[in-house]
Each structure stands twice: as C-alpha cells, then as structure tokens.
Amino acid sequence: MLWFLCALFLFSCKDIPNSLSDVSENKKSAPIGSSVKLVILGTVQDAGSPQIACEKDCCKDLQKYPDNTRNVVALGLVDGVHKKSYLIEATPNIGLQLNHLNELASFPSKPLPDGVFLTHAHIGHYTGLMYFGKESLNSEKLPVFVMPQMSSFLTQNGPWGQLVSNDNIVLKALEANKGIKLSSSLTVTPFLVPHRDEYSETVGFLIEGPDKKVLFIPDIDKWARWEKSIVRAISEVDYAFIDATFYDEKEINNRDISEIPHPFVIESMALFNDLTSAEKGKIYFTHFNHTNPLLTPESEEYKDVVSKGFHVASFLEEFEL
C-alpha cells in the first residue's frame, strides 16, 4: 500500500503546472534549421511585473507567486543559415532571455549572441549589460550596436565605461536610417523616434529577413510627435511590434501622465480603426506597464483588442522571417 501511494505521488508531481515550462513547451518550435526567425523574449515595461513596492491588485498575487513569463521587453533573432544569433535590448532578465535564444538555435549552443542592439538609455533596455562585466560573465569583446549619444553615455559613465575599457563589450556604431547587414539573410536598420531622451537618443528598428520585414518600436511618445506616419510604417512591413505601455490614462493615478506620454492602446486602436483586417493583423502590442490589463488574457481589455483584429505579443512567440 505504501509503495502504491509513493508511486501515485510521484506521478502526480509530473502534472503540477509551471508557468514558465508550460509556456516554453507550448511556444517552442522545432530547431530552426536553415531558416531565419524572430522570437519574443519579453513584453513588459522596464520595471517589470510586479513592480517594486507595488501594492496594487495587479501585483499582490505576483509578489507571492511570480510569473516567470513576465520578462522585460526584448527580441531575439536567429539566422540559421549563417549560424548566428542576436539580442535586441539588454534587459534585467537577460540571463533567462539568452537561454531561450540559445534553445531556439539549431547550431551548437553558445553562451553569448553574436551581437546586442540597444534602442536607448532607459533602465529596462540597457542595464542587462552589467552581467557582461567582471562581477558576472566577464565576457570578451561582445559587439554592442549603439547610436552616437548612447555610445557616449556608456563610455563616459560608470559602471558602463568599465565594460568598454575592460573589453567586455565593443561598441559598434549605428547611424540613423543606415542598415547594418549582419549577413545576406539579415539586416537591421535604426531610425530615430521621439522619446524622453535624457541620456541618449531613442531608436526603433527595421528588421529585414530573407522574406519578411519587422517594425520594432518599444518606446515612443505620442504617434503625432513622430515625423513619420505610423500607419505608413506599418504598411511597409509584415509585422509591427509597437509601444503599448498603457492601455489608457486611468492606469496612472499617482503621477502626471503628461510626463510619460506613451500612446495609449485605446488611442492607437482609434488611429488604426480604418485599416484593413490584413493591416491590423500585422500589429502586435508590447512593452506593457505592470498596470496594463493586456498582461491578463482573461481581461475584457485583452479580449477587446483581439476582437478588433489586433494582436497582443506573447512570451516566446516565434515568427519566420
């Protein structure tokens, strides 16, 4: 009888759900082979979810039961043709994200990607660089692609300057609207967008694979402040991963919302209302503040976004390029 109970217990343990492993198994595809893919490695705003000292309902359960799928916004690129991988953004979750990036590749796993691209100097987008330093991995000459002001910021300020002087990272210059051809299968082009540029300029990226193009704008001020039409930009690509930090202004009741002027999801949906279903289907909202109801698939807001033909980006979702 005791043997039977032990066996039953061991069998039952295998069925206990785990949010991270479940997502990994559901999203993970076969090895990449000779294709080029993009993978979503995070969808949350810089400060994560739950945020520090958050006492709101959206954080209470997560304080006790963390959701390991809630990683800060990042993308991974894998070029199976040329056996290369790249990370876009260096977040506080960089260790876990690099593990997933390596799992996607069919070529032998390596501890680091062939390069890291940064959009700007806000905490969720570059502070993962610290893990390449001597207190952690102590990497050797990892290419980090940056715009001019971002390069100056990293070089002239500690502790980031130490990463450069110790050759943990090597800064590679980006120029607005000039593509970096990583291989015959993959090109990344930065373009300037308006944002709170206290320490560096802010860019989005146009990512071009053999067959498809991707727009990535995780941070931007209101769409009207950009010199280019977002509607036109979407028409020129196959997928668009765009800033959805706040669903609406009701989320932030303890700060001046004008100081953090992201496009609300409800504003974006109104702007895109007259697009065809095919154009709406290109749009994937991402970069969600911890208060954003789009982090919860069961929410009415999430269901409304999907019912209108848009997508909500999800952790470990993959796209053939």
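Everything here concerns the structure above.
A. Molecular detail of the environment of V146. Positionally, V146 belongs in strand β5 (residues 142-146). The exposure class assigned to V146 is buried, which follows from its relative accessible area of 1%. For the pair V146 and H120, spaced 26 residues apart in the sequence, the C-alpha separation amounts to 8.3 Å. Residues in contact with V146, not counting those within four places in the same chain, are L118, S151, L154, L171, K172, A173 and L174.

B. View of helix α6 (residues 148-156). Here α6 has its buried residues at M150, F153 and L154. Summarising the axial view, the buried residues of α6 lie within an arc of 90°, below the 170-degree limit, and thus occupy one face.

C. Structural context of the sheet that holds strand β13 (residues 311-312). Across the sheet, which stays open at both edges, the seven strands sit in the order β7-β8-β9-β10-β11-β12-β13 with mixed pairing between neighbours. Each end of this open sheet is capped by a strand with a single partner; those strands are β7 (180-183) and β13. As paired strands, strand β12 (residues 283-286) and β13 are joined by two bridges and run parallel to one another. Across the sheet, Y284 pairs through a bridge with H311, a residue of β13.

D. The arrangement of the nonpolar core in detail. Of all hydrophobic cores here, the largest spans 30 residues; its most connected members are V116, L118, Y126, L129, F132, M150 and L154. Within the residue set of this core, elements represented by two or more residues are β1 (36-42), β2 (74-79), α4 (94-104), β5, α6 and α7 (160-165). Take this core: its biggest share by element is four residues, from α4. The contact partners of L129, leaving out residues within four places of it in the chain, are A90, L118, V144, L154, W160 and L163. By size, the runner-up hydrophobic cluster in this structure holds 29 residues, among which are L215, W226, I234 and L294.

E. Structural context of the packing of aromatic side chains. Taken as a whole and judged by the stated rule, the model has 14 aromatic pairs. Taken together, a centroid distance of 5.6 Å and an interplanar angle of 80° make the contact between Y126 and F153 edge-to-face. In this pair, Y126 is assigned in helix α5 (residues 123-126) and F153 in helix α6, connecting sequence segments 27 residues apart. There is no split in this pair, since Y126 and F153 are both buried. Residues F241 and Y284 carry aromatic rings whose centres are separated by 5.3 Å and whose planes lie at 45° to one another, so their mutual orientation is tilted. With F241 in strand β11 (residues 239-243) and Y284 in strand β12, this residue pair connects regions lying 43 residues apart in the sequence.

F. Focus on the pattern of salt bridges. On inspection of all chains with the given rule, the structure shows nine salt bridges. With a shortest N-O distance of 3.2 Å, R196 and E198 are connected by a salt bridge. One salt bridge in this structure joins K213 and E208, with 3.9 Å as the shortest N-O distance. Among the residues examined, K213 registers a relative accessible area of 34% and is labelled partly exposed. For E208, a relative accessible area of 23% translates into the label partly exposed. The network of salt bridges with common partners includes K228, R232 and E236.

Definitions and limits used
- Residues numbered from 1 in each chain as written.
- Predicted model: local features only at pLDDT ≥ 70, side-chain atom pairs only at ≥ 80, totals over all residues.
- Heavy atoms only, no water.
- Helix = DSSP H or I, 4+ residues; strand = E, 2+ residues; numbered from the N terminus.
- Buried < 20%, exposed > 50% of the residue type's maximum accessible area, 1.4 Å probe, protein only.
- Contact = heavy atoms within 4.5 Å.
- Arc of directions from axis to C-beta.
- Pairing = 2+ DSSP bridges.
- Core = buried A, V, L, I, M, F, W, Y, C linked by side-chain atoms within 4.5 Å.
- Phe/Tyr/Trp six-rings, centres within 6.5 Å; stacked < 30°, edge-to-face > 60°.
- Salt bridge = Lys/Arg side-chain N within 4 Å of Asp/Glu carboxyl O.

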